Amino acid sequence: MSWSNALVKEILKPESLIISSEIAVVIADKFPKARHHYLVLPLADIPSIFHLNRSHLPLLEELHLLARNVVEVKGLHWQDFNVGFHAEPSMQRLHLHVLSRDFVSPSLKNKKHWNSFNTELFVPYTSKAFEAGFMRQLEHHEQTKEIEYSELYSQLEKENSISRLSKSLKDELLAKPLICNQCEFVAKNLPTLKEHLVAHLQDPKSIRKRTTSENKRTSSSP
Ligand code: AMP
Ligand code: ZN
């Protein structure tokens, strides 16, 4: 079995399943890119997002439900998570990434890892039904937080398929600078970014906007 089939192999092992339903399962990512990183996979043999059509929208809702369930079961907070698909997946079997926004992990090893989760190479997925409920809840609490509308859901609904990014756009996104996902810091290299992410985790209140000169000073320090 080729390496790209490792996830298919993994979901056949009962001990790997954190949660399962008749339609999908949740496993831990073996090389987590954050403190908490799960994958939700359908049991149906769907190789990737490029094999989805409108008829799969209920399946995506189920994947999203399991994503919410695993976060709840682990006693974590939904708002601390990014949920979505890679625009250019490497492993076979459709898989929804559910990972915490800290990105503090020894398995985060290169710029490709960072940019694949923190540029348009990551396609967020939000359940339409859940989003509506969440919005009502926020209105109830008189909050004004904006909720991202899921592009993926609307693209499938309207176009009946997911389009691939062009090679030039993929290359452009992979080459983007290392921009922090929690403030405007631009790191000169991955070790600097990782150090910065640990600081966010240790002191969440440190999240603030940096001035350009401050950023330059930090990123040019040895
Ligand atoms: P993608 O780039 O979207 O195809 O992501 C594949 C994910 O599968 C990565 O986050 C890997 O860390 C993860 N992965 C690779 N092999 C395994 C495995 N045997 N079990 C669990 N997760 C894996
Ligand atoms: Zn930051």
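Model, not experiment: these values are computed from the prediction.

## Re the site of ligand 1
Part 1 of the argument: Neighbouring ligand 1 are 16 residues; D29, H86, S90, H95 and H97 lie closest to it.
Part 2 of the argument: A distance of 2.9 Å separates an oxygen atom of ligand 1 from a polar backbone atom of M91.
Part 3 of the argument: Top element by residues in the shell around ligand 1 is helix α1 (residues 6-10). It accounts for three residues.
Part 4 of the argument: Looking at the shell around ligand 1 residue by residue, the classes come out as seven nonpolar, five polar and four charged.

## A short note on the pairing of strand β5 (residues 96-100)
Part 1 of the argument: Most of β5 is tucked away, with five of its five residues classed as buried.
Part 2 of the argument: Bridge analysis of strand β3 (residues 37-42) against β5 gives four bridges, and the strand direction is antiparallel. Paired with L39 across the bridge in β5 is H97.
Part 3 of the argument: Pairing of strand β4 (residues 81-86) with β5 involves four bridges; the strand directions are antiparallel. Within β5, the residue paired with G84 across the bridge is H97.

## Comments concerning the pairing of strand β1 (residues 17-20)
Part 1 of the argument: As defined by bridge partners, β1 adjoins strand β2 (residues 24-28) across three bridges and the pair is classed as antiparallel. From the neighbouring strand, S20 faces β2, where its bridge partner is V25.
Part 2 of the argument: Between β1 and β2, which pair antiparallel and follow one another directly, the connecting turn spans three residues.

## Thoughts on the coordination of the zinc ion (ligand 2)
Part 1 of the argument: For the zinc ion (ligand 2), every protein donor is listed as C180 (SG), C183 (SG), H196 (NE2) and H200 (NE2), and the spread of their distances is 2.0 to 2.3 Å.
Part 2 of the argument: If you look at the zinc ion (ligand 2), its four donor atoms make angles of 99 to 121° with each other, and the shape they trace is tetrahedral.
Part 3 of the argument: Mapped onto the sequence, the residues coordinating the zinc ion (ligand 2) show the spacing C-x2-C-x12-H-x3-H. Of this pair, H196 and H200 are both found in helix α7 (residues 190-202), four residues apart, which corresponds to roughly one turn of the helix.
Part 4 of the argument: Under the relative-accessibility criterion, H196 is labelled buried at 8%.

## Some words on the sheet that holds β3
Part 1 of the argument: Judged by pairing direction, the sheet is antiparallel, and its six strands sit side by side in the order β1-β2-β3-β5-β4-β6 without closing on themselves. Here the strands that pair on one side only, and so sit at the sheet edges, are β1 and β6 (122-124). Averaged over all adjacent pairs, the angle separating strand axes in this sheet is 30°, with direction ignored.
Part 2 of the argument: Along the sheet face, helix α2 (residues 57-73) touches β1, β2, β3, β4 and β5 and points at about 150° away from the line of β3.

## Looking at the packing of aromatic side chains
Part 1 of the argument: Applying the stated criterion across every chain yields a total of five aromatic pairs.
Part 2 of the argument: Look at F85 and Y125: their rings are 6.2 Å apart centre to centre, the planes differ by 65°, and that puts the pair in the edge-to-face class. Here F85, found in strand β4, pairs with Y125, found in the loop between β6 and α4 (128-140); they are 40 residues apart in sequence, far enough to count as distant. Of the two residues examined, F85 and Y125, each falls in the buried class.
Part 3 of the argument: Here the aromatic rings of F117 and F122 are separated by 5.6 Å at their centres, their planes lie at 45°, and the arrangement is tilted.

## Comments concerning the packing of α2 against helix α5 (residues 151-159)
Part 1 of the argument: Packing of α2 against α5 brings their axes to within 11 Å, and their N-to-C directions diverge by 165°. Taken together, α2 and α5 sit at an angle that is classed as roughly antiparallel. The two elements α2 and α5 cross, and the hand of that crossing is left-handed. Note on element contacts: α5 touches α2 through L152, Y153, L156 and E157, opposite L57, L60 and E61.
Part 2 of the argument: Residues of the contact of α2 with α5, tallied by class, amount to five nonpolar, no polar and two charged.

Basis of the calculations
- Residues numbered from 1 in each chain as written.
- Chains lettered and ligands numbered in written order.
- Predicted model: local features only at pLDDT ≥ 70, side-chain atom pairs only at ≥ 80, totals over all residues.
- Heavy atoms only, no water.
- Near = heavy atom within 4 Å.
- Polar contact = N/O pair within 3.5 Å; in protein donor to acceptor, adjacent residues only side chain to side chain.
- Helix = DSSP H or I, 4+ residues; strand = E, 2+ residues; numbered from the N terminus.
- Nonpolar A, V, L, I, M, F, W, Y, C, P; charged D, E, K, R; others polar.
- Buried < 20%, exposed > 50% of the residue type's maximum accessible area, 1.4 Å probe, protein only.
- Pairing = 2+ DSSP bridges.
- Donors = N, O, S within 2.8 Å, 3.2 Å for Na, K, Ca; no water.
- Tetrahedral: all angles 85-135°; square planar, octahedral: opposite > 155°, others 65-115°.
- Axes fitted to C-alpha atoms, helices over the stretch in contact; angles between N-to-C directions.
- Contact = heavy atoms within 4.5 Å.
- Phe/Tyr/Trp six-rings, centres within 6.5 Å; stacked < 30°, edge-to-face > 60°.
- Parallel < 35°, antiparallel > 145°, perpendicular 65-115°, else oblique.
- Left-handed = near helix turned anticlockwise from the far one by under 90°.

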